[in-house]
Amino acid sequence: MKRILFIFISLLVTQMTYAVPGTSISISTEKTDLILRVAQDNRLYQVYYGARLSNPEEYADISYEPKETRDGCMAFRGWEVAPGSGSETHFEPVIAITHNDGNPSTYLYYKSHLQYAVEGGVQTDIVLYDDQYPVEVILHYVAFTDENVIKTWKEIRHKEKKPVKLWRYASTILYFRNHEYYVTDFSGDWAKESQMSTQKLEFGKKVLESKMGCRTAIHTGPFFSLGIDEPAKENSGKVMMGTLAWSGNFQFTFEVDNLNHLRVIPSINPYASEYELNPHDTFVTPEFIFTLSENGMGEASRNIHDWARNYQLKNGKGSRLTLLNNWENTSFHFNEEILARLMYEARKLGVDMFLLDDGWFGNNHPRVHDDAGLGDWEVMKSKLPGGISGLIKAADEAGIKFGIWIEPEMVNPKSDLFEKHPDWAILFPNRKPYYHRNQLVLDMSNPDVQDYVFGVVDKILTENPTLSFFKWDCNTPITNIYSPYLKDRQHNLYIDHTLGVMNVFERVQAKYPDVQMMMCSSGGCRNDYNGLKYFGEYWCSDNSDAIERLFIQWGQSHFFPAKSMCAHVTGFVANPSKTVSVKFRLDVSSMCKLGFDLGLKKLTEDEIALCREGVANWKRLSPVILDGDQYRLVSPYEGNHMSVMYASKDKLSAVLFTYDINPRYHEFMYNVKLQGLDPQKIYTIKELNLMPGKKSNLPENGKSYSGDYLMKVGLNAFTERTLNSRMIELIAQ
Ligand code: DGJ
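Notes on the structure in this doc start here.

Parameters at a glance
Residues numbered from 1 in each chain as written. Predicted model: local features only at pLDDT ≥ 70, side-chain atom pairs only at ≥ 80, totals over all residues. Heavy atoms only, no water. Pairing = 2+ DSSP bridges. Helix = DSSP H or I, 4+ residues; strand = E, 2+ residues; numbered from the N terminus. Axes fitted to C-alpha atoms, helices over the stretch in contact; angles between N-to-C directions. Core = buried A, V, L, I, M, F, W, Y, C linked by side-chain atoms within 4.5 Å. Buried < 20%, exposed > 50% of the residue type's maximum accessible area, 1.4 Å probe, protein only. Contact = heavy atoms within 4.5 Å. Salt bridge = Lys/Arg side-chain N within 4 Å of Asp/Glu carboxyl O.

The antiparallel open sheet is built from three strands, whose spatial order is S6-S11-S20. With one partner strand each, in any of the chains shown, strand S6 (95–98) and strand S20 (275–277) form the two edges of the open sheet. Each strand of the sheet is rotated relative to its neighbour by a mean of 35°, with strand direction disregarded. As paired elements, strand S11 (residues 164–169) and S20 share three bridges and run antiparallel to each other. Across the sheet, residue Val164 finds its bridge partner in S20, namely Leu277.

Another point: the nonpolar core. Ranked by size, the top nonpolar core spans 130 residues in total, and within it Trp360, Phe402 and Phe596 carry the most contacts. Per-element tally for this core: the top contributor is helix H11 (residues 605–627), with nine residues. Contact partners of Phe402, with chain neighbours within four places excluded, come to Met343, Met353, Phe354, Leu356, Ile388, Leu391, Ile392, Ala395, Leu467, Ser468 and Phe469. Ranked by size, the runner-up nonpolar core spans 60 residues in total, among them Val81, Leu139, Ile268 and Ile495.

Turning our eyes to something else, we now look at the pattern of salt bridges. Where charged atoms of side chains with opposite charge meet at close range, the side chains can pair. Here the structure, examined in full by the defined rule, presents 42 salt bridges. For Glu80, the salt bridge identified is with Arg43, shortest N-O distance 2.9 Å. Of this pair, Glu80 sits in the loop between strand S5 (74–76) and S6 while Arg43 sits in the loop between strand S2 (32–38) and strand S3 (44–51), and the two are 37 residues apart along the sequence. Of the two residues, Glu80 and Arg43, both sit in the buried class. Arg157 serves as the salt-bridge partner of Glu155, at 3.9 Å between the closest nitrogen and oxygen. Exposure remark for Glu155: the relative accessible area of 18% places this residue in the buried category. Residues participating in the shared-partner salt-bridge network are Lys111, Glu136, Glu155 and Arg157.

Here it is as structure tokens:
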């Protein structure tokens, strides 16, 4: 009650507050408190981040201010919220500026702050200033009350006479004082995204970062979990999870100091990016989104999923289109006749849309292979004489929507675009070019290039206003790192390029808010919450092998709701010695946003009937799968099986998926214990997605059990059969 009154009073006072030393500023959600304090030296310190405290009056008693010992050493240096370079903290600064006189130090003092209600929570803006230089830094925090998520970023500006050089510009810093720390990263490679591995943090630094420019998440995603006092677990223990909303180079620094305090610093990667900031311009850091749970990663993930659907993900509350894509099926080899047939196959499957992939454009340099045509966004007349409008007409006739693939940020040297504008590509003037997939990245720091890229989308949509969907790809990291446009400001390239990409996303969103888009980067090599403001979904991986996908989808589900994760049933099997049934593939894809990428000619009539039924089941249950709470029940990393489930928010309906990956001979089977149900309610069990003519052999099929039983005893759903899977519906009576 005291707390509600406290928040209420702060919200009434929406004018700027000038706090006296000793004042605490609380950034609070329903279950967590981040408490900052203006200390005696008029600088701002973090004094607490943890489970919510009941009495705001006691904030003042937490003693986390700097303390000096008698010999003049700092026994405890204080957890400064914006430690600057050259200050007495001695550890990694979050802000570093070389001023016009060459002085590289920054000390920031508290000036004022403001707290006010925003959608979903409370925003706090804190103004800091340097007492020796005309530099101002504004810290922003939005605390999302119900989701227990905090989003933070900062603005940096100055009024020096000439540009200053920023060489550290982290989004924030968070401090922990615990016995042990364990970081889980989601690293991997192309077609092997988001593999989880955990390490203990000891004295010194651990850095997770990308220097790839645009295809940023090839080797690791911009997200991590932090197990506090013990390795992060699924359903118990204290865990913090964080992600940086930035589609460029990122860096997470975890630094354990000599007092065993941990500093977590999320940032744009400062690598080769000493940024020149003009007087009066504002440098805005990316948002860092984080949550803290006392009940493990499962709850932390649900916090992030809810936050994303409610506030960040494009069309977060809307539905999604099921689709048939043609890339894995035809690659570049198609014509109008083949596409028309695929559209009818899409209709036969019951999906909403046909998505035409790469290979539809280029005339002087036809895109028949990945070595030519990128940049020339004119329909290839020899292949598709009826143009995009002809394809949309064919889709109309088949009774489905039509979407198309683009990769407008890139160029093949063999293209009209490159011949006309060689200076639009990021490319060294004096070195042999290094190509990744035979292509180059367009220089998005150049406003003319931004106009051109926006123009690609604008032209297609102006000419084809009923086009429903774009798959926006990005298949190379930045190579040959030189911008012909930036000339002597090369160090701004990585950041200005990313800002240029965002600017185009923003313009597309503003003009075409209803067009749905899939973010793709050679699979899941660009998946972040900056991009997802503009894209409602992303392609998780080019590896669509169902077994590999279980691991990839498990990993990515830690940060992204099923609604945003595209999973397609394809014909790809990574290990040809394994037989992976269409049923198994269908069930693996059904745990995310379902799609297909195969030709029906390769399937039997029974398999087609199964897929049709699978699409119908998925559509009927998509409110549960896409908008419900996800529970990761059995990890593929722990053994030979995997299971996840979704429960609707009202607990009236749930969907359980189980997968037997590699069961052992006569293995003892554990029951799958469900979560998130109402213990009092009675649920009827129904196995779905069965091959025509096949009956369920799930022992509990057709029976009814209380939520209590299902969560304590569970279902006998795993089997000894290799690559067997189940999709099970639970309906409350
Ligand atoms: C990479 C994507 O991940 C694939 O799905 C496909 O769109 C190809 N690019 C096309 O070049």
